[in-house]
Amino acid sequence: MSRYTSDVKIINAAQAQVWARISDFSVYQQMKENLPAEQKAAIKAKINEMGEGKIQLSDFRFSQDAVDFKVSGMDVRVYIVEREEPMKCVKLKADKAPIDFTLWIQLLPKEAYQTKCKVTVEVDIPFFLKPMIGKKLDGVADQIAE
């Protein structure tokens, strides 16, 4: 297992607001349904650009504890395995993903309307894939935290 940890990032929102966004995925289903068509197209284009046209992400479905989607036609589920109260940490795990990973999002209050956030990603990269994708994952925790 390889572990990648982000720098501490500052979010300009109260800890309770951040917690509400990361501990309940059903919020994203409502957001997805209410997005105008042009914004959906822009998001799709950005995802395609990030995957350099090689990775196709589609069919996102959100419930309280999980997000299900397709990666190049393969079903993937990312689900919450632990919520550390009060509003401190959410631990996520992948199911049926091409690469097994666990992700922790840790929160701490900084001020009334600022929250410190740190992301840790632990990923099990098969030996034969390490040379191809190992370096690409160096900044993944920081990207997620951003």
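Conventions used here
Residues numbered from 1 in each chain as written. Predicted model: local features only at pLDDT ≥ 70, side-chain atom pairs only at ≥ 80, totals over all residues. Heavy atoms only, no water. Helix = DSSP H or I, 4+ residues; strand = E, 2+ residues; numbered from the N terminus. Rg over C-alpha atoms; globule rule 2.2 N^0.38 Å. Buried < 20%, exposed > 50% of the residue type's maximum accessible area, 1.4 Å probe, protein only. Areas by Shrake-Rupley, 256 points an atom, 1.4 Å probe, with all protein chains shown as cover. Lys, Arg positive; Asp, Glu negative; His and termini not counted. Charge placed at Lys NZ, Arg CZ, Asp CG, Glu CD. Phe/Tyr/Trp six-rings, centres within 6.5 Å; stacked < 30°, edge-to-face > 60°.

**Q** Pulling in residues and values, what's your account of the overall build of the chain?
**A** Helix and strand counts for the chain come out as five helices and eight strands. Listed by position from the N terminus, the elements making up the chain come as β-β-α-α-α-β-β-β-β-β-β-α-α. Taking 15 Å as the expected radius of gyration for a compact globule of 146 residues, we find that the chain reaches 16 Å, a close match to that expectation. Counting only C-alpha atoms, the chain reaches 45 × 40 × 25 Å along its principal axes. A burial count over the chain gives 32% of its 146 residues as buried. Accessible surface, the chain as shown: approximately 9500 Å² in total, 54% of it carbon and sulfur. Positive and negative side-chain charges in the chain, numbering 22 and 21 respectively, have mean positions lying 2 Å apart.

**Q** Go over the packing of aromatic side chains, please, and point to the residues and values.
**A** Geometrically, a pair of aromatic rings is defined through the distance of the ring centres and the angle of the planes. Inspection of every chain in the model, using the stated rule, returns four aromatic pairs. With centroids separated by 6.4 Å and ring planes inclined at 45°, the aromatic side chains of Phe25 and Tyr28 adopt a geometry described as tilted. What makes Phe25 buried here is its relative accessible area of 10%. Tyr28 gets classed as partly exposed once you look at its relative accessible area, which sits at 24%. On the basis of an interplanar angle of 15° and a centroid distance of 6.2 Å, the ring pair of Phe60 and Phe62 is categorised as stacked. Overall, Phe60 belongs to the partly exposed group, its relative accessible area being 24%.

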